[in-house]
Amino acid sequence: MTQADLITGCQRQDRQCQRLLYDKYVDLAIGVSLRYARDKQEAWDIVHDAFLQVFKYIDNFTAVRGTFEPWFCKIVVNSALKKYQKNRLVFPEATEFHLLDDIVSPTVLSDLQAEDLLRLLERLPDGYRLVFNLYVVEGYRHGEIADLLGISASSVRSQLTRAKQRLQQLIAQQNSLEYGQ
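Residues numbered from 1 in each chain as written. Predicted model: local features only at pLDDT ≥ 70, side-chain atom pairs only at ≥ 80, totals over all residues. Heavy atoms only, no water.

With 18 residues, helix α3 (residues 40–57) should cover 26 Å at 1.5 Å per step; its first-to-last C-alpha distance of 25 Å lies within 8% of that length. The set of residues buried in α3 consists of E42, A43, I46, V47, A50, F51, V54 and F55. Where α3 is buried, its residues contact α1 (3–11), α2 (15–36) and α4 (68–86). If you check the start of α3, you find a side-chain oxygen 3.2 Å away from the backbone N of Q41, and it comes from D39. (Helix = DSSP H or I, 4+ residues; strand = E, 2+ residues; numbered from the N terminus. Expected span 1.5 Å × (residues − 1). Buried < 20%, exposed > 50% of the residue type's maximum accessible area, 1.4 Å probe, protein only. Contact = heavy atoms within 4.5 Å. Polar contact = N/O pair within 3.5 Å; in protein donor to acceptor, adjacent residues only side chain to side chain.)

What follows is the structure, given as structure tokens:
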């Protein structure tokens, strides 16, 4: 069954097509949601909410306007953002973290695996993690992120800077633990 057939079937509320679409895209959804969630359970909650939205609004998807994957991923990201907006997202103050004196070595960064980065992202405060993901991974601009999160563009820039600084600290800590430095 082609992707177009699956989408058409889902638009007709065909349960088998919905199940096949779920099976085909659940890994993509969990991958996206893990970048935003604090843990795996929260990621699965985001995925669940996202698929409910996909099946509710699948009639709005038309292949003429674009491909399915970006539309789908945007729904997953929006589901994550809605979850945090419900929980009153808090952005930490600048004084919470201190800048590193040393810059992380490029060899440490090249040795960093995707799963290591996901674990480090989980350790970021919610606001930092959301801004970092929206900017670095999803490619949103500062103004777009500001609109999505209901904060100013300058707050987005400072949150992004702080997120990068905190990630740098976490990478340095991980490196010193792994290599006994």
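Quick look at the packing of α1 against α2 now. Between α1 and α2, whose axes approach to 8 Å, the crossing angle comes to 130°. On the basis of the axis angle, α1 is oblique to α2. The crossing of α1 and α2 is left-handed. Residues Q3, D5, L6, G9 and C10 of α1 form the contact with α2, whose participating residues are C17, Q18, L20, L21, K24 and Y25. Classifying every residue of the contact of α1 with α2 by side-chain character gives six nonpolar, three polar and two charged. (Axes fitted to C-alpha atoms, helices over the stretch in contact; angles between N-to-C directions. Parallel < 35°, antiparallel > 145°, perpendicular 65-115°, else oblique. Left-handed = near helix turned anticlockwise from the far one by under 90°. Nonpolar A, V, L, I, M, F, W, Y, C, P; charged D, E, K, R; others polar.)

Moving on, we get to the pattern of salt bridges. In the structure shown here, the tally under the stated rule is six salt bridges. Between D23 and R19 there is a salt bridge, and its shortest N-O distance comes to 3.3 Å. Placement of both D23 and R19 in helix α2 is noted, with a separation of four residues, approximately one turn of the helix. Given a relative accessible area of 40%, D23 falls into the partly exposed group. A salt bridge links R129 to D126; its shortest N-O distance comes to 2.6 Å. Here R129 and its partner D126 are both found in helix α7 (residues 126–137), three residues apart, which amounts to about one turn of the helix. On the accessibility criterion, R129 (0% relative accessible area) is buried. (Salt bridge = Lys/Arg side-chain N within 4 Å of Asp/Glu carboxyl O.)

To continue, consider the nonpolar core. A general feature of soluble globular proteins is that nonpolar side chains tend to end up buried together. One finds L21, F51, V54, I58, F68, F72 and L134 to be the most contacted residues of the largest nonpolar core, which totals 50 residues. With ten residues, the top contributor of residues to this core is α4. (Core = buried A, V, L, I, M, F, W, Y, C linked by side-chain atoms within 4.5 Å.)

Another aspect to go through is the packing of aromatic side chains. A full pass over the atoms with the stated rule returns nine aromatic pairs. Ring centres 4.6 Å apart and planes at 50° place the aromatic pair Y22 and F51 in the tilted group. Of the two residues, Y22 is situated in helix α2 and F51 in helix α3; the sequence distance between them amounts to 29 residues. With a centroid separation of 5.4 Å and 50° between ring planes, the pair formed by F61 and W71 is classed as tilted. A residue pair is termed long-range when its members are at least 10 positions apart, and F61 in the loop between α3 and α4 and W71 in helix α4 qualify at ten residues. Residue F61 is classed as buried on the basis of its relative accessible area, which comes to 7%. With relative accessibility at 19%, the residue W71 sits in the buried group. An aromatic cluster is built from Y22, Y25, F51, F55, F61, F68, W71 and F72, whose rings are joined through pairwise contacts. (Phe/Tyr/Trp six-rings, centres within 6.5 Å; stacked < 30°, edge-to-face > 60°.)

You can see E42 is positioned in helix α3. E42 sits in the buried class, given a relative accessible area of 7%. In this structure the side chain of E42 is engaged in a polar contact, spanning 2.7 Å, whose partner is the side chain of Y84. Excluding residues that lie within four positions of it along the chain, E42 makes contacts with Y36, A37, K83 and Y84.

Taking 1.5 Å per residue, 19 residues should reach 27 Å; α4 reaches 27 Å between its end C-alpha atoms and fits that length. Burial in α4 covers these residues: F68, W71, F72, C73, I75, V76, V77, S79, A80, L81, K83 and Y84.

Worth remembering: the numbers are spatial, not functional.
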